[in-house]
Amino acid sequence: MAEARRVRAAELFEQGRSSVEIARMLEVSDESVRRWKRVWEEGGAAALRRRPATGRPPKLDNGQVERVRTALEQGAQAHGFEADLWTLERVGLVVERVTGVVLARASVWRLLTVRLGWSLQRPERRAVERDESEIARWIAHEWPRIKKGP
């Protein structure tokens, strides 16, 4: 939507329309139109098109991310951890073992959530001794007796 406005503004610049008129037509501020006009004068309509995001490239390429996914899907115990639960520290160690790349905790989190599409999962807290059939029996027989009273 924003790019379409800028491209339309370039067309209107070429027609010789005023900045105030263009701002009113596109429902944007006068300052935005003046800024777009400066960019347009220096680089033409192409300069007003959307540019890909810049920034540091990721430390892991797509192939490495897939190797990490495969390793993580094997489970934590397959990598020598006592419990089969993943923590950011454990994932970071596996990433380092598989790819040789050391990631900060925040980068491990981004790897898991953004690149792998995983989400935070917490184990259910449940007693090991819990017996579902005994609970059902108690609710069916004992609870009605207690509820009635003596």
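What this report covers is the structure whose coordinates are included nearby.

Quick notes on the rules
- Residues numbered from 1 in each chain as written.
- Predicted model: local features only at pLDDT ≥ 70, side-chain atom pairs only at ≥ 80, totals over all residues.
- Heavy atoms only, no water.
- Core = buried A, V, L, I, M, F, W, Y, C linked by side-chain atoms within 4.5 Å.
- Buried < 20%, exposed > 50% of the residue type's maximum accessible area, 1.4 Å probe, protein only.
- Contact = heavy atoms within 4.5 Å.
- Phe/Tyr/Trp six-rings, centres within 6.5 Å; stacked < 30°, edge-to-face > 60°.
- Salt bridge = Lys/Arg side-chain N within 4 Å of Asp/Glu carboxyl O.
- Helix = DSSP H or I, 4+ residues; strand = E, 2+ residues; numbered from the N terminus.
- Arc of directions from axis to C-beta.

1. Some details on the nonpolar core
Counting residues in each nonpolar core, the largest one holds 17 residues, and the members touching the most others are Leu-60, Leu-72, Val-95, Leu-103, Leu-111 and Leu-112. Contacts of Leu-112, omitting those with residues within four sequence positions, involve Leu-72, Leu-88, Val-91, Gly-117 and Trp-118. By size, the runner-up hydrophobic cluster in this structure holds 12 residues, among which are Leu-26, Val-28, Val-33 and Leu-48.

2. Details of the packing of aromatic side chains
Any two aromatic rings considered together are summarised by their centre-to-centre distance and by the angle between their planes. Overall, the coordinates contain three aromatic pairs when judged by the stated rule. With a centroid separation of 6.1 Å and an interplanar angle of 75°, the aromatic rings of Phe-81 and Trp-86 are classed as edge-to-face.

3. Details of the pattern of salt bridges
All chains considered together, the criterion is met by 13 salt bridges. The closest approach of N and O atoms between Glu-31 and Arg-38, which form a salt bridge, is 3.8 Å. Taking the relative accessible area as the measure of exposure, Glu-31 reaches 36% and is therefore partly exposed. Across the salt bridge formed by Arg-126 and Glu-132, the nearest N and O atoms sit 3.0 Å from each other. Each of Glu-124, Arg-126, Arg-130 and Glu-132 takes part in a single network of salt bridges with overlapping partners.

4. Concerning the environment of Val-68
Note that Val-68 resides in helix H4 (residues 62-73). Each C-alpha atom of the pair Val-68 and Leu-112 lies 9.8 Å from the other, and the pair is 44 residues apart in sequence. Apart from the residues within four sequence positions on either side, Val-68 is in contact with Val-95, Val-98, Thr-99 and Leu-111.

5. Looking at helix H2 (residues 19-26)
Listed in full, the buried residues belonging to H2 are Ser-19, Ile-22, Ala-23 and Leu-26. One side of H2 carries all its buried residues, which in axial view fall inside an arc of 100°. Of the residues in H2, the exposed ones pointing more than 90 degrees away from the buried face are Val-20 and Arg-24. Of the surrounding secondary structure, the elements contacted by the buried residues of H2 are helix H1 (2-14) and helix H3 (30-43).

Everything listed here is a matter of geometry and, on its own, says nothing about what the molecule does.
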